[in-house]
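A structural walkthrough
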Amino acid sequence: MKQKIDFVNENTGKALLKMVMPLFMAMILMLAYTLVDSIWVGNLLGENGYAALTTAGSVSIILYAITTGIGNGTSVIVSQLVGAGNKEKTDKVISTSLILSVIFPAAVILVLECLLNQLLLVFQTPTLIYQDAKDYLAIFLIGFIAIFLYMQLTSIFRSFGDPVFQMKGMLLGTVFNAIADPLFIKAFGISGAAIATVLSQVLCLIFAIIYGMKKSYFTLNLKGFDGKTVLQILKTVVPTSLQSCTPAVSSMIMVILVNRFDVTTIAAYGVVKNIENILFYPAMAMNMALITIMGQLYGAKRGDRMKDYMKAAFLYGIVIEAVLTILVLLFSTQISMAFVREAAVAQIVSRGLKIIGIGYLCYMATNIFTAKMAGMGRVNLSMILMFTYYIVIRVPLAIVLIRGSLLLDGMWIAILVSHIVALFIAFVINRKIRIEELIN
């Protein structure tokens, strides 16, 4: 079966870097893509426009999370089949997955467009930014089918050891969005940012289809769609999508809590979440890479190589995360001012990042552990860990602390504590999972 990287026979460090670095670059481009919207809206439409985008972004975050989670689930199944060398079953799973990738997002769009007003009310969206948030989401939702299919295809390509497409696709989307955003925002306000986003997503999907036809990793067979394969896919993608959604749901709750404060605080929270992406994306790239690697090696029954990759992942991951965390903390004020040119916002942002600090290193380590679980098919275990991390620990703690004298600092402390506790739980679970037992 055609593959780009041989994880069994290649040097561990080199193979890991060959898989991680393009994904890391794709994440950086994704960050640039997100920042383009935020920076142009913040600079052209001001604090109110940025606050509206922050509220609307809570919905887009959870949709992207669902998309990423389902893609990770598909990657688990396909990478294990690739590792086992089962081409017929691989083609069948991929074909079924792509059909579902049209049906599911279409249903989501229909439901959310009908419930848009209720959704914004749940977020306790301030009247001052309500209409802007609604206008943005009404258009943004239209592109959900395109981005869903695109992300599914990138996950499938990644399962064959090809992480390069994701980088190329994001580069294309980012460049287009950077050019289109100011033009559309000046013409249509915040709706213009949504239009530019939808157009860039459609462009990325077209590129993915052309790339897939050229590479021929799999044979698309629409007749391969059957109930048994659907159930197999759902058994994996439902837990992975729930796991991926958990941080987004937690973030949505945080937005509801923050919306109790003034517009300056709402904008500052949005800036912190954007800056956090700089620190989250390396961990997400490592997680995506390891899911594929662990999946292939698990399918090939090579537990010895799985251990080698875990060691290399911790070495590279912690070093990268430490360097980025230090840089972000040193230049947090300057970075904040690039989003919103308000000193009060920058002060809140700088304080929040300093409090969370070490938590980002914990986040990297936790993602490495959960990637191992997912790649070995223990998706339910990984999902439970993330739910405990973001919902059971973070949300109640934030609700209690933010209502006291700590105010917003209480939320930052809750986030830090949840990162530390999650790493401890992940470490304990990892000690109990023996690779040899699961493979045999």
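Note: the structure precedes this text.
Below you will find a few notes about this structure.

To continue, consider the overall build of the protein chain. From N to C terminus, the protein chain includes 16 helices and 0 strands. Here the C-alpha radius of gyration of the protein chain, 21 Å, is about what a compact globule of 440 residues would show, namely 22 Å. With respect to the principal axes defined by its C-alpha atoms, the protein chain has extents near 55 × 45 × 35 Å. Counting all 440 residues of the protein chain, 58% fall into the buried class. Across the protein chain, 33 positive and 21 negative side-chain charges occur, with their mean positions spaced 8 Å apart.

At their nearest, the axes of helix 8 (residues 227-258) and helix 14 (residues 379-402) sit 8 Å apart, and the two run at 10 degrees to each other. With respect to helix 14, the axis of helix 8 lies roughly parallel. Along the lines of polarity and charge, the residues of the contact of helix 8 with helix 14 split into 17 nonpolar, 7 polar and 2 charged.

What follows covers the side chain of T174. Structurally, T174 is set in helix 6 (residues 164-188). A relative accessible area of 7% places T174 in the buried class. A distance of 2.7 Å separates a polar atom in the side chain of T174 from the backbone oxygen of M170. Here T174 is in contact with L29, A32 and Y33, once residues within four sequence places are set aside.

What follows deals with helix 7 (residues 190-215). When the terminal C-alpha atoms of helix 7 are compared, their 38 Å separation across 26 residues agrees well with the 38 Å that a helix rising 1.5 Å per residue should span. Downstream of helix 7 by a residue or two, S216 has a phi angle that is positive, lying close to 55 degrees.

The next subject is empty space enclosed by the protein. In this structure the tally under the stated criterion is 2 cavities of 30 Å³ or more. Space inside the second largest cavity adds up to approximately 40 Å³. Along its surface, the second largest cavity is lined by V20, M21, F24, P282, M286, G317, I320 and M364. Those elements that place two or more of their residues in the lining of the second largest cavity are helix 1 (12-84), helix 9 (263-299) and helix 10 (303-330).

For the rest of this paragraph, the subject is the pattern of salt bridges. Under the definition given, this model contains 6 salt bridges. Here K87 ties to D91 by a salt bridge, and the two come within 2.7 Å at their closest N and O atoms. Of the two residues, K87 and D91 both sit in helix 2 (residues 87-114), 4 residues apart, roughly one turn of that helix. D91 sits in the buried class, given a relative accessible area of 11%. Where R351 meets D409, a salt bridge forms, and the shortest distance between an N and an O atom there is 2.7 Å. In this pair, R351 is assigned in helix 12 (residues 343-356) and D409 in helix 15 (residues 408-432), connecting sequence segments 58 residues apart.

Counting residues in hydrophobic clusters, the biggest one holds 143 residues, and the most contacted among them are L16, L63, Y150, F218, L290, Y309 and M411. Among the elements that make up this core, the one with the highest residue count is helix 1 (30 residues). Those residues within four positions of L16 in sequence are excluded, and the remaining contacts are M286, L290, I293, Y309, A312, A313 and Y316.

Enumeration over the complete set of coordinates arrives at 18 aromatic pairs. Look at F104 and F148: their rings are 5.5 Å apart centre to centre, the planes differ by 50 degrees, and that puts the pair in the tilted class. Highlighted residues: F104 in helix 2 and F148 in helix 5 (residues 144-159), separated in sequence by 44 residues. Residue classification places F104 among the partly exposed positions, given a relative accessible area of 33%. For F148, a relative accessible area of 2% gives the class buried. One aromatic cluster is present, formed by Y150, F157, F165, F207 and Y211 through successive ring pairs.

Cut-offs applied
Residues numbered from 1 in each chain as written. Predicted model: local features only at pLDDT ≥ 70, side-chain atom pairs only at ≥ 80, totals over all residues. Heavy atoms only, no water. Helix = DSSP H or I, 4+ residues; strand = E, 2+ residues; numbered from the N terminus. Rg over C-alpha atoms; globule rule 2.2 N^0.38 Å. Buried < 20%, exposed > 50% of the residue type's maximum accessible area, 1.4 Å probe, protein only. Lys, Arg positive; Asp, Glu negative; His and termini not counted. Charge placed at Lys NZ, Arg CZ, Asp CG, Glu CD. Axes fitted to C-alpha atoms, helices over the stretch in contact; angles between N-to-C directions. Parallel < 35°, antiparallel > 145°, perpendicular 65-115°, else oblique. Nonpolar A, V, L, I, M, F, W, Y, C, P; charged D, E, K, R; others polar. Polar contact = N/O pair within 3.5 Å; in protein donor to acceptor, adjacent residues only side chain to side chain. Contact = heavy atoms within 4.5 Å. Expected span 1.5 Å × (residues − 1). 1 Å grid on protein atoms, 1.4 Å probe; cavity = no way out; pocket = protein on both sides within 12 Å on 5 of 7 lines; lining within 4 Å. Points joined across faces, edges and corners; volume = space filled by probe spheres on them. Salt bridge = Lys/Arg side-chain N within 4 Å of Asp/Glu carboxyl O. Core = buried A, V, L, I, M, F, W, Y, C linked by side-chain atoms within 4.5 Å. Phe/Tyr/Trp six-rings, centres within 6.5 Å; stacked < 30°, edge-to-face > 60°.

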